[in-house]
Amino acid sequence: MIKCEHPQYKTKPKYICKESDGCSERKSPGVQDEWMENGDVSLYDDTRAGVLMVFFRELKAADAGTYRCGVKVSDYTERFTEIQLSVRHDAKYPKRVTESVYLGGEVIITCQIPEKHKVHFCKEDDNHICQNISSSKVTEMSGSSERNEERVVTVSISNVSVRDAGVYWCGAETRDTDLTFISLNTQIQLNLIMPPVVRREGESAEIFCPYDSIYKSKLKSLCKGKCSTRDRNPLSETVREEKETKTDRLTLKDDVTAGVFTGTITALTAEDAGKYWCAVTLETELNYLHTHLMVIMNEELNLTKYEGDDVSIQCKHQDEDQKSFCKAHEASMCVKDGVSLEMIRDDRFSFSDEASAGVFTVNITDLREEDSGIYWCGDHVITKVHLNVSKDKNRNFSRIIIIIIIIYVCVILLLIPGFTLTLCKLRHKRRGRISTSDKSKKKNMMSSCADSRHDSLSDPGSAQINSNNELPTIPSDGLLYTAVSFQKHEESLSEATVRFSKNEIHSDYTSVSHR
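This report concerns the structure included in the present document. Computed from a predicted model, the values in this text were never measured in an experiment.

What to know about the overall build of the protein chain
Phase 1 of the analysis: Broken down by element type, the protein chain carries two helices and 33 strands.
Phase 2 of the analysis: Buried positions account for 35% of the 515 residues belonging to the protein chain.
Phase 3 of the analysis: Accessible surface, the protein chain: about 32,200 Å² in total, of which carbon and sulfur atoms supply 50%.

So, the sheet that holds strand S2 (residues 14-18)
Picture the strands of a sheet paired through backbone hydrogen bonds; they go either parallel or antiparallel.
Phase 1 of the analysis: Pairing within the open sheet is antiparallel, and its three strands lie in the order S2-S6-S7. Strands with a single pairing partner mark the edges of an open sheet, and in this sheet they are S2 and strand S7 (78-85). Between one strand axis and the next, the sheet turns by 20° as a mean value, whatever way the strands run.
Phase 2 of the analysis: Pairing of strand S6 (residues 65-72) with S7 involves eight bridges; the strand directions are antiparallel. Looking at the pairing, glycine 65 lines up with leucine 85 of S7.

Comments concerning the side chain of threonine 291
Phase 1 of the analysis: Structurally, the position occupied by threonine 291 is in strand S24 (residues 285-296).
Phase 2 of the analysis: Reaching out from threonine 291, the side chain makes a polar contact with the backbone oxygen of proline 195 at a distance of 3.0 Å.
Phase 3 of the analysis: Setting aside anything within four residues of it in sequence, one finds threonine 291 in contact with Met194, Pro195, Pro196, Val197, Ile207, Gly274, Lys275 and Tyr276.

Brief notes about the sheet that holds strand S28 (residues 349-354)
Phase 1 of the analysis: Spatially, S26-S29-S28 is the arrangement adopted by the three strands of the open sheet, whose pairing is antiparallel. Since the sheet does not close on itself, it has two edges, and those belong to strand S26 (311-316) and S28, each with one partner. When strand polarity is set aside, the average angle formed by the axes of neighbouring strands in this sheet is 20°.
Phase 2 of the analysis: As paired elements, S26 and strand S29 (residues 359-364) share six bridges and run antiparallel to each other.

Notes on the packing of aromatic side chains
Phase 1 of the analysis: Within this structure, the stated rule accounts for five aromatic pairs.
Phase 2 of the analysis: Consider the rings of tyrosine 211 and phenylalanine 261, whose centres lie 6.5 Å apart with planes at 35°: the pair is tilted. One end of the pair, tyrosine 211, is in the loop between strand S17 (205-210) and strand S18 (219-224); the other, phenylalanine 261, is in strand S22 (residues 260-265), with 50 residues separating them in the sequence.
Phase 3 of the analysis: Residue classification places tyrosine 211 among the buried residues on the basis of a relative accessible area of 6%.

Some words on the pairing of S28
Phase 1 of the analysis: With six bridges connecting them, S28 and S29 associate as antiparallel partners. Note on S29: the bridge partner recorded for phenylalanine 349 is isoleucine 364.
Phase 2 of the analysis: Between S28 and the antiparallel strand that follows it, S29, lie four residues; glycine 358 among them carries a positive phi value of about 70°.

Digging into the state of the cysteines
Phase 1 of the analysis: Within this structure, the stated rule accounts for six disulfides.
Phase 2 of the analysis: Each sulfur in the disulfide pair cysteine 122 and cysteine 130 lies 1.8 Å from the other. Negative torsions about the S-S bond denote left-handed disulfides, and the value of about 95° found for cysteine 122 with cysteine 130 makes this one right-handed.
Phase 3 of the analysis: With relative accessibility at 0%, the residue cysteine 122 sits in the buried group.
Phase 4 of the analysis: Across the disulfide from cysteine 209 sits cysteine 278; the S-S distance is 1.8 Å. Between cysteine 209 and cysteine 278, the S-S dihedral sits near -65°, and the bridge is therefore left-handed. In this pair, cysteine 209 sits in strand S17 while cysteine 278 sits in strand S23 (residues 274-281), placing the two residues 69 residues apart along the sequence.

A short note on the pairing of strand S9 (residues 107-114)
Phase 1 of the analysis: On S9, burial follows the alternation: Val107, Ile109, Cys111 and Ile113 on one face are buried, whereas Ile108, Thr110, Gln112 and Pro114 on the facing-out side are not.
Phase 2 of the analysis: With eight bridges connecting them, S9 and strand S13 (residues 150-157) associate as antiparallel partners. Counted as the bridge partner of isoleucine 113 is arginine 151 from S13.

Some details on the nonpolar core
Phase 1 of the analysis: Counting 39 residues, the largest nonpolar core has Phe121, Leu222 and Tyr288 as the members making the most contacts within it.
Phase 2 of the analysis: If we skip the residues at most four places from it in the chain, tyrosine 288 touches Val162, Ala165, Asn191, Leu192, Cys209, Pro210, Tyr211, Phe261, Cys278, Ala279 and Val280.
Phase 3 of the analysis: Among the nonpolar cores identified, the runner-up in size contains 15 residues, and Leu303, Ile313, Cys315 and Phe360 belong to it.

Notes on the pattern of salt bridges
Phase 1 of the analysis: Under the counting rule described, the total for this entry stands at 13 salt bridges.
Phase 2 of the analysis: The partner of aspartate 63 in a salt bridge is lysine 60, and the shortest N-O contact between them spans 3.8 Å.
Phase 3 of the analysis: Look at aspartate 63 and you get buried, because its relative accessible area is 7%.
Phase 4 of the analysis: When its relative accessible area of 42% is taken as the criterion, lysine 60 is described as partly exposed.
Phase 5 of the analysis: Across the pair aspartate 212 and arginine 163 runs a salt bridge, and its minimum N-O distance is 2.6 Å. Taken together, the residues span a long stretch of sequence, with aspartate 212 in the loop between S17 and S18 and arginine 163 in the loop between S13 and strand S14 (166-176) at a distance of 49 residues.

Here is what the cut-offs are and how they apply
- Residues numbered from 1 in each chain as written.
- Predicted model: local features only at pLDDT ≥ 70, side-chain atom pairs only at ≥ 80, totals over all residues.
- Heavy atoms only, no water.
- Helix = DSSP H or I, 4+ residues; strand = E, 2+ residues; numbered from the N terminus.
- Buried < 20%, exposed > 50% of the residue type's maximum accessible area, 1.4 Å probe, protein only.
- Areas by Shrake-Rupley, 256 points an atom, 1.4 Å probe, with all protein chains shown as cover.
- Pairing = 2+ DSSP bridges.
- Axes fitted to C-alpha atoms, helices over the stretch in contact; angles between N-to-C directions.
- Polar contact = N/O pair within 3.5 Å; in protein donor to acceptor, adjacent residues only side chain to side chain.
- Contact = heavy atoms within 4.5 Å.
- Phe/Tyr/Trp six-rings, centres within 6.5 Å; stacked < 30°, edge-to-face > 60°.
- Disulfide = S-S within 2.5 Å.
- Core = buried A, V, L, I, M, F, W, Y, C linked by side-chain atoms within 4.5 Å.
- Salt bridge = Lys/Arg side-chain N within 4 Å of Asp/Glu carboxyl O.

Have a look at this one:
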């Protein structure tokens, strides 16, 4: 946008030409106080301010050069300002951004402009001429680019209305004597969103499209899907000024007094769900507002689980960009305030997509009681899911029994070493008493044996061992004897002998007699 000021020649005809062409082709509005197209530029001669505005769309390298922006003072006199226009290629520009905002809400738009330049923000009119925005609040933010050659600027529009929808441009403004140059490098498409329309399968839905009074005589239509592309899907013929058109299950009605046209769809099915655009036909079609029609299927999913269980939930979807899994009391909350799959940061949630089958699966592990509630899953075709997570009493009782058994076993295992140690100590003490008694008895026995041997020696006819001393009746681990020797007296005339059976390990004797 170039603005050439000629305040002293407000009503004189003005023009612009390219010097490199010898100014052979002068472009002028032809009429005053009205935008006129002349070739690839648009011109406006403002007689009130004495300014000629020249608007170049989609600059090309061939547009670069030296221009004269002048005014014809008389048949013999002209006055002009020389302008040098350079056009360079930059992969970053032009930037194209799309913003969406609810009616009555606020939108904040950011753009970058060179340092030491004034920001310029404008909106395209019906003729695609970018006009200044006086009602917008423009605020600058701190911050700059890596090379410190650009600064970030924010533009906020509050209390957004239907009239605010459209195409905006943001750029830098440079001013010199009698000349203003505006470079527009960021395009913003601002779309308005109506609250979502949520209905059940088989019901009817009304889609309301408010419009500005300047569009009351224009053709209006309702479109579903990607309406800004060639594969757009207008649902019916257009409607105009208090008329009504009806096609199959869709009815369009225009209420000029209220400034609203309405689309009514009856006997809703899953195929009716989706994104709808309100459109006004100007020179080209303007899709200025959209809303979401969500159809809740009559078939609901009821799931009952216990804490610690896992669950998998299958959800239908038609749109790759509109998958949703939301916990809320109402389905409409999932569009405006819902949580998209990418926003969930709980490690217990995981997702798998089967695009060919038109479903995606939500997996939740290690369920908790607070996971209970109503969930809505799908995209525009919504399935209501009732998830009830409760504590399992039987499972808890079994867990308690298992814990008691484990504790009991642990206690037993801890007591066994102590019990064993105590038993060993008792046996050791008992063995000590028995060992002392055995030693005493052994001594008496040896004494008795010695006496018997003495008697035998004094009486050669007798070879009897008198061993009335009893052996210990309580077995002892101690060693009592290493050998028992029976010797025949050399003077004895008896042939008596002592024999042991090969199978006998031990023998107890109270007496041994030669008979």
